[in-house]
Amino acid sequence: MRCTCAAHSGERSKIPALLGKMRKIKPLWCLLSPFAYSFEFRLSSKWMSKVHALVPLTEQEEEVDGILLQHTITHLTHAVFPIRNRMYVVDFFLPNQRAAVECWRSTSRRGVALTWVEKNAAYVDLKFRRIKEANPDVRCIALVEVMQAEPELVREYVGPIMEHADFMAYEMSQLAEILRGLVI
């Protein structure tokens, strides 16, 4: 009985060409990897917007979404700002008010939570700075909540870091007041 596979049928010269083509085909996990960004592979902001629209809202984001709906404020969730060769995603963008809202919350122990929100504040401030460089008319609003610490203590940790935030809120009620002021 004779083998009919490509390796034994005299078609060995086609195998290296096939393998070369297969190396160019990237699996889906590779395309979604943070290491996939290269000069050859650039994601469009439209594609990123579609992907981030599928990301479910956190509990805190759902509360903010409820406040926005209560005040009938038009908004986009997980809006993408393409800036230079990067894309920055904010939790909410209010197109009529030209405002970006970023929120984060920690339920960890007080010391751990304060350290985490301090680090996150540095990243959010960088995000706000880059957004404002490209879009100077956009106002940036941040909501940071630490469930195991007083808002005044959170203000001491986070406030000095958030140089590029136009408005800061340390409780959901403060954010509701800020948003109410934007509508009026």
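Here the structure is a predicted model, which is why all the values come from computation and not from measurement.

**Topic: the overall build of the protein**
- What the protein contains, in helices and strands, is seven helices and five strands.
- The secondary structure elements of the protein, listed N-terminal to C-terminal, are α-α-α-α-β-β-β-α-β-α-β-α.
- Burial analysis of the protein (184 residues in total) assigns 36% to the buried set.
- Of all intrachain contacts in the protein linking residues separated by at least 6 positions in sequence, the fraction that spans at least 24 positions is 62%.
- Of the roughly 12,000 Å² that the protein leaves accessible, carbon and sulfur atoms contribute 56%.

**A word on the environment of Ile 67**
- With respect to the secondary-structure elements, Ile 67 resides in helix H4 (residues 59-70).
- For Ile 67, a relative accessible area of 9% gives the class buried.
- For the pair formed by Ile 67 and Met 172, sequence separation is 105 residues and the distance between their alpha carbons is 9.0 Å.
- Sequence-distant contacts of Ile 67, defined by excluding residues within four places in its chain, comprise Met 172, Ala 176 and Leu 179.

**Some words on the packing of helix H5 (residues 110-134) against helix H6 (residues 151-158)**
- Where H5 contacts H6, the axes come no closer than 9 Å and their chain directions differ by 40°. In this view, H5 runs oblique relative to H6, as classed from their interaxial angle. Viewed along their axes, H5 and H6 form a crossing whose handedness is right-handed. Side by side, H5 and H6 meet where Arg 110, Leu 114, Val 117, Glu 118 and Ala 121 of the first sit next to Leu 153, Val 154, Tyr 157 and Val 158 of the second.
- Class assignment for the residues of the contact of H5 with H6 results in seven nonpolar, no polar and two charged.

**Things to note about the pattern of salt bridges**
- A full pass over the atoms with the stated rule returns eight salt bridges.
- The salt bridge involving Glu 59 is made with Arg 105; its shortest N-O contact spans 3.8 Å. Taken together, the residues Glu 59 in helix H4 and Arg 105 in strand E3 (residues 99-106) connect sequence positions 46 residues apart.
- The exposure class of Glu 59 is exposed, given its relative accessible area of 59%.
- Ionic pairing is found between Asp 166 and Lys 132, a salt bridge with its closest N-O pair at 2.7 Å.

The rules behind the values
- Residues numbered from 1 in each chain as written.
- Predicted model: local features only at pLDDT ≥ 70, side-chain atom pairs only at ≥ 80, totals over all residues.
- Heavy atoms only, no water.
- Helix = DSSP H or I, 4+ residues; strand = E, 2+ residues; numbered from the N terminus.
- Buried < 20%, exposed > 50% of the residue type's maximum accessible area, 1.4 Å probe, protein only.
- Contact = heavy atoms within 4.5 Å.
- Areas by Shrake-Rupley, 256 points an atom, 1.4 Å probe, with all protein chains shown as cover.
- Axes fitted to C-alpha atoms, helices over the stretch in contact; angles between N-to-C directions.
- Parallel < 35°, antiparallel > 145°, perpendicular 65-115°, else oblique.
- Left-handed = near helix turned anticlockwise from the far one by under 90°.
- Nonpolar A, V, L, I, M, F, W, Y, C, P; charged D, E, K, R; others polar.
- Salt bridge = Lys/Arg side-chain N within 4 Å of Asp/Glu carboxyl O.

Structural measurements only, silent on function.
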